[in-house]
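A structural walkthrough
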Amino acid sequence: MMGKDNMTLLDFRLTESNTIPLDSLAYHVGNTPLLPLRRVTGSLSPRVRVFAKAEWFNPGGSVKDRPALNIIQNAIINGHLANGKRLLDSTSGNMGISYATFGAALGIPVTLALPANASPERISILKALGAELILTDPLEGSDGAIMKARELAAEFPDKYWYANQYSNEANWQAHYVSTGPEIVRQTNGQITHFIAGLGTSGTFTGTSRYLNDQLPHVKTLAFQPDAPFHGLEGLKHMPTSIKPGIYDEALAGDPLEVKTEAAHEMVIRLAREEGLFVGISSAAAAVAALQVASELEEGVVVTVFPDAGYKYLSDKKLWERA
Amino acid sequence: MTTLRIPTPLRTYTGGKSEVTVSGAKISEALTDLTTQYPAIAPHLFNENNELRPFVNLFVGEHNIKDLQGVETPIKDDDKVMLIPSIAGGSPFPLKGEGSGMGV
Ligand SMILES: Cc1ncc(COP(=O)(O)O)c(C=O)c1O
């Protein structure tokens, strides 16, 4: 794996906002608010604070704008998307929405393999943005979409450029140059713990590497679903999934585990007690962050809320609970 | 007998099988047969109160049992039933008739 020492200047373009026109969508990626949790934190020590990066403030509606933009910018610079080549990748939805958003803005055609049971909201948004969709067997989940994308990339190398978010270093590097520095700045360097969920692991890996370099005393922790069969959309149970190429097992250590039901309960609490209408993986992040915070006397715990609740509304039973 | 299709993450608990044959006149009976044959799968599908966990979706043909009669939904002998983790309310047939690449 390429270490951060090998990063070229190109990798730092995401923070170099002066290279991006002020009126472009890309200019508005990142610099998301860091919001305090105020009421779901009731039983914590008064000297412990918990914050979340509100990633739905990104133009494409999720944290995945950061890696998508970085991957696309690198691909353009390296000539991978010349001659009408299509950007191809597998996604559970959000990365696809980000690719399709910037692809539409930049005139880059996008093809996505995604599991057929992806939420109807995601599929509708992707169709609205004009992405070509290849739906894969729902029984195979996101790993089935990965296999399909690999197959297409191997079969049609002239038609597609395979972005491969699971192994593309520009994924975690986007977080190294944006999410990490933003968190340090927004906490005035007072962060003590960082925790993030694992999908491709880009958010966790990039942000943690930056924090470990800048503030080595900060504890960086990962969390994952508690079982292979779960409802935490966007997250992976690593022991039973295809391991992302960018996944750094030593950095992740022994990930905490979150049960889907705990996230479902939290998603309602965040909406009704904090006014934060977020997605399931955000709620899982809150559960994990509160667990870490509950063991502290003093500290500043930061997590990432990947997206808002809109794309999950079709799960009516979830939201209409008393 | 009804064929129940098992998603990849649950095949560890069905001895690697992607399809299991179950008997029963409704979903609840078919699931009881499944968990009798493969007890280790039970905690992944049911909570402590023996209710189906919220993210577990079952499709009889193209219909989610949540839109039918839940676990009381009747099944016939040659029905194909699919067990799928939700991804929020997702259906395995969202773009029916639009030439998708899905293997179902
Ligand atoms: C809703 C949601 N949560 C969490 C993640 C995980 O982020 P990462 O891929 O950076 O690990 C994703 C990634 O697709 C996502 O869509």
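Refer to the structure presented above.
Predicted model, so just to flag it, every value in this text is computed and none were measured. (Residues numbered from 1 in each chain as written. Chains lettered and ligands numbered in written order. Predicted model: local features only at pLDDT ≥ 70, side-chain atom pairs only at ≥ 80, totals over all residues. Heavy atoms only, no water.)

Attention now goes to the sheet that holds strand E3 (residues 86-90) of chain A. Residue and element names in this part refer to chain A. Within the open sheet, the four strands sit side by side as E5-E4-E3-E6. Their pairing is parallel. Pairing within the sheet leaves two strands with one partner each, and these edge strands are strand E5 (132-136) and strand E6 (160-162). Neighbour-to-neighbour, the strand axes of the sheet open up by a mean angle of 25 degrees, direction not taken into account. The pairing of strand E4 (residues 110-115) with E5 spans five bridges and is classified as parallel. Note that in E5 the partner of Leu-114 across the bridge is Leu-135. Where helix H2 (residues 94-106) meets the sheet, it contacts E3 and E4, and its direction lies at approximately 165 degrees from that of E4. (Pairing = 2+ DSSP bridges. Helix = DSSP H or I, 4+ residues; strand = E, 2+ residues; numbered from the N terminus. Axes fitted to C-alpha atoms, helices over the stretch in contact; angles between N-to-C directions. Contact = heavy atoms within 4.5 Å.)

Residue and element names in this part refer to chain A. Taken together, 16 residues lie around the ligand, and Lys-64, Gly-199, Thr-200, Thr-203 and Ser-281 are the ones closest in. Between the ligand and Lys-64 there is a distance of 2.7 Å, counted from an oxygen atom to a side-chain nitrogen or oxygen. One of the side-chain N or O atoms of Thr-203 is found 2.5 Å from an oxygen atom in the ligand. For the ligand, the accessible surface in isolation is 390 Å², of which the surrounding protein chains cover 96%. Classifying every residue of the shell around the ligand gives four nonpolar, nine polar and three charged. (Near = heavy atom within 4 Å. Polar contact = N/O pair within 3.5 Å; in protein donor to acceptor, adjacent residues only side chain to side chain. Areas by Shrake-Rupley, 256 points an atom, 1.4 Å probe, with all protein chains shown as cover. Nonpolar A, V, L, I, M, F, W, Y, C, P; charged D, E, K, R; others polar.)

Turning our attention to the packing of H2 of chain A against helix H3 (residues 120-128) of chain A. Residues and elements named next belong to chain A. The interhelical angle for the contact between H2 and H3, taken along N-to-C directions, is 15 degrees, at an axis separation of 9 Å. It follows that H2 is roughly parallel to H3 by the angle criterion. Considering how the two elements wind past one another, H2 and H3 form a crossing that is left-handed. Note on element contacts: H3 touches H2 through Arg-122, Ile-125 and Leu-126, opposite Asn-94, Gly-96, Ile-97 and Ala-100. Residue classes in the contact of H2 with H3 are distributed as four nonpolar, two polar and one charged. (Parallel < 35°, antiparallel > 145°, perpendicular 65-115°, else oblique. Left-handed = near helix turned anticlockwise from the far one by under 90°.)

All names here are of chain A. One finds Phe-223, Leu-270 and Phe-305 to be the most contacted residues of the largest nonpolar core, which totals 36 residues. Within the residue set of this core, elements represented by two or more residues are strand E2 (48-54), strand E9 (256-258), helix H8 (260-274), helix H9 (280-294), strand E10 (299-305) and helix H10 (316-319). Per-element tally for this core: the top contributor is H9, with eleven residues. Ignoring any residue separated from it by four or fewer positions in sequence, one finds Leu-270 in contact with Leu-37, Val-40, Gly-275, Leu-276, Val-278, Ser-282, Ala-283, Ala-286 and Phe-305. (Core = buried A, V, L, I, M, F, W, Y, C linked by side-chain atoms within 4.5 Å. Buried < 20%, exposed > 50% of the residue type's maximum accessible area, 1.4 Å probe, protein only.)

Turning next to H2 of chain A. Since the α-helix advances by 3.6 residues per turn, residues separated by three or four positions end up pointing in the same direction. All names here are of chain A. Over its 13 residues, H2 runs 18 Å from end to end, which matches the ideal 18 Å to within 8%, given 1.5 Å per residue. Within H2, ten of the 13 residues are buried, leaving the element largely enclosed by the surrounding structure. For H2, every residue scored as buried is listed here: Asn-94, Met-95, Gly-96, Ile-97, Ser-98, Tyr-99, Ala-100, Thr-101, Phe-102 and Gly-103. Turning to H2, the residues buried within the fold contact helix H1 (65-77), E3, E4 and H3. Looking one or two places after H2, you find Gly-107, whose phi comes out positive at around 75 degrees. (Expected span 1.5 Å × (residues − 1).)

Residues and elements named next belong to chain A. Among the structural elements, Asn-171 can be located in helix H5 (residues 169-186). Residues Asn-171 and Lys-64 lie 107 residues apart in sequence; the distance between their C-alpha atoms is 8.9 Å. Excluding its chain neighbours within four sequence positions, the residues that come into contact with Asn-171 are Pro-67, Ile-71, Gln-165, Thr-200, Gly-202 and Ile-246.

Turning next to the sheet that holds strand E1 (residues 2-5) of chain B. All names here are of chain B. Ordered by their spatial adjacency, five strands build an open sheet running E2-E1-E5-E3-E4, and the pairing between neighbours is mixed. The sheet is open, and its two edges are formed by strand E2 (19-22) and strand E4 (63-64), each paired on a single side. Bridge count between E1 and strand E5 (residues 80-85): three bridges; the pairing is parallel. Opposite Arg-5, over in E5, you have Met-82 as the bridge partner. Its contacts with the sheet put helix H1 (residues 27-37) on E1, E2, strand E3 (56-60) and E5, and the angle it makes with E2 is roughly 115 degrees.

On to the pattern of salt bridges. All names here are of chain A. Per the stated rule, a full pass over the model turns up 21 salt bridges over all chains. The salt bridge involving Asp-307 is made with Arg-122; its shortest N-O contact spans 3.7 Å. You can see Asp-307 sitting in the loop between E10 and H10 and its partner Arg-122 sitting in helix H3, a full 185 residues away along the chain. Taken individually, Asp-307 and Arg-122 each receive the classification buried, so the pair is uniform in this respect. (Salt bridge = Lys/Arg side-chain N within 4 Å of Asp/Glu carboxyl O.)

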